[in-house]
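Summary of structural features
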Amino acid sequence: MIKLFTKTFSIFFIITCFFDTANAQTIKVAIAANLQPVIKALKNDFKLRTKIDLEVISGSSGNLSAQIRNGAPYDVFLSADSNFPQTLRRDGLAAKAPAVYAQGVLIICSAQNLDLKNWNNLLMTNTIKKIAVGNPAIAPYGKAAQQALTKAGVYSKVKVKMVFGESISQVNTYIITGAVQVGFTTLSLIKDAANKQQLFYRLVNPADYAPIQQAMVLLKRAEKNTAAEKFYQYILSAPAKAIFNAYGYHTQ
């Protein structure tokens, strides 16, 4: 009798584990590096609402786009701009047209208490030896920084001081560690509670760079993936927008 009970319980346990594993859903989400602070909050909130987990892959928008073209098995791509998602859609790699989920905010930032109010003049002084900027070719915030520097009339004068990061997360590391005196990055760095380093910053005039319209696409491989579709719709929802706003992004 005991053996029969033990055998029955074992079969029940195996079947239960099988269905739990089958019901456990995970989707692969590729995110622009500037989203690293906010994705933690989004991931937790989304899982609480849907029981669906995220496997997050982070990098520059340009590099992630190239990985998708080379067959990377991502379900949803959240870019730091609209151009990379639009190109993926044009080339048949996205299941639907890109949707803008947030607008980014560019700042100049330092671990030192510098006079950032007049940053265009500050950058040309001997106080500033190195300036961190994302690679404009693959990092949209780097492109925005290039535009702002050009508008200020100092890009060509300070280019020799620039240290280009492959993504905004690398730029943030340069700033936080003091490897550079200043850097151009996203406002979400300042809003990240996990960052314990005191930082000083100033908003870059949004009129000095093209709007950083961050868009996402549901990728072709996830066209019939209901979990991926749920995440796509969640990112456009009011709860997600509230989280984005708390991390310094603008939403509509």
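To be clear, the structure that these remarks concern was listed above.
Residues numbered from 1 in each chain as written. Predicted model: local features only at pLDDT ≥ 70, side-chain atom pairs only at ≥ 80, totals over all residues. Heavy atoms only, no water.

Buried within helix H10 (residues 226-235) we find Ala227, Ala228, Phe231, Tyr232, Tyr234 and Ile235. All buried residues of H10 project into a common sector of 165° when viewed along the axis, lining one side. Where H10 starts, the residue carrying a side-chain oxygen 3.0 Å from the main-chain nitrogen of Ala227 turns out to be Asn225. (Buried < 20%, exposed > 50% of the residue type's maximum accessible area, 1.4 Å probe, protein only. Helix = DSSP H or I, 4+ residues; strand = E, 2+ residues; numbered from the N terminus. Arc of directions from axis to C-beta. Polar contact = N/O pair within 3.5 Å; in protein donor to acceptor, adjacent residues only side chain to side chain.)

To continue, consider the sheet that holds strand E10 (residues 212-218). As summarised here, the arrangement of the five strands in space is E2-E1-E3-E10-E4, forming an open sheet in which the pairing is mixed. Edge positions in the open sheet fall to strand E2 (52-59) and strand E4 (99-104), since each of these has one partner strand only. On average, each strand axis in the sheet is inclined to that of its neighbour by 20°, with strand direction left out of account. Relative to E2, strand E1 (residues 25-32) runs parallel, the two being bridged by eight bridges. If you follow Ala30 over to E2, its bridge partner there is Ile57. (Pairing = 2+ DSSP bridges. Axes fitted to C-alpha atoms, helices over the stretch in contact; angles between N-to-C directions.)

The next point concerns the environment of Gln252. If you trace the backbone, Gln252 turns up in the segment after helix H11 (238-246). For the pair Gln252 and Val163, spaced 89 residues apart in the sequence, the C-alpha separation amounts to 34 Å.

Here the focus is the nonpolar core. Core analysis: the largest hydrophobic core is formed by 68 residues, its most contacted members being Leu78, Leu106, Leu123, Phe184 and Phe231. Among the elements that make up this core, the one with the highest residue count is H10 (six residues). Formed by 12 residues, the second largest nonpolar core is a distinct cluster that contains Leu64, Tyr74, Phe84 and Leu88. (Core = buried A, V, L, I, M, F, W, Y, C linked by side-chain atoms within 4.5 Å.)

Next up on the list: the pairing of strand E6 (residues 131-134). The two faces of E6 match: Ile131 and Val133 on one face and Ala132 and Gly134 on the other face are all buried. Two strands pair when backbone bridges link them, and E6 and strand E7 (residues 162-165) are joined in this way by four bridges, in the parallel orientation. Across the sheet, the residue bridging to Ile131 is Met162, located in E7. By the bridge criterion, two bridges tie E6 to strand E8 (residues 182-186) in an arrangement that is parallel. Looking across to E8, one finds that Ile131 is bridged to Val182.

Moving on: the sheet that holds E7. To summarise the sheet geometry, strands pair through backbone hydrogen bonds and adopt either a parallel or an antiparallel arrangement. Reading across the sheet, the five strands line up as E7-E6-E8-E5-E9 and stay open at both edges, with mixed pairing between neighbours. Every interior strand has two partners, whereas the edge strands, E7 and strand E9 (200-203), have only one. Each neighbouring strand pair of the sheet contributes to a mean axis angle of 30°, computed without reference to strand direction. Sheet topology places strand E5 (residues 106-110) next to E8; four bridges connect them, and they run antiparallel. If you follow Ile108 over to E8, its bridge partner there is Phe184. Sitting on the sheet, helix H8 (residues 168-177) touches E5, E6, E7 and E8, and the angle it makes with E8 is about 140°. (Contact = heavy atoms within 4.5 Å.)

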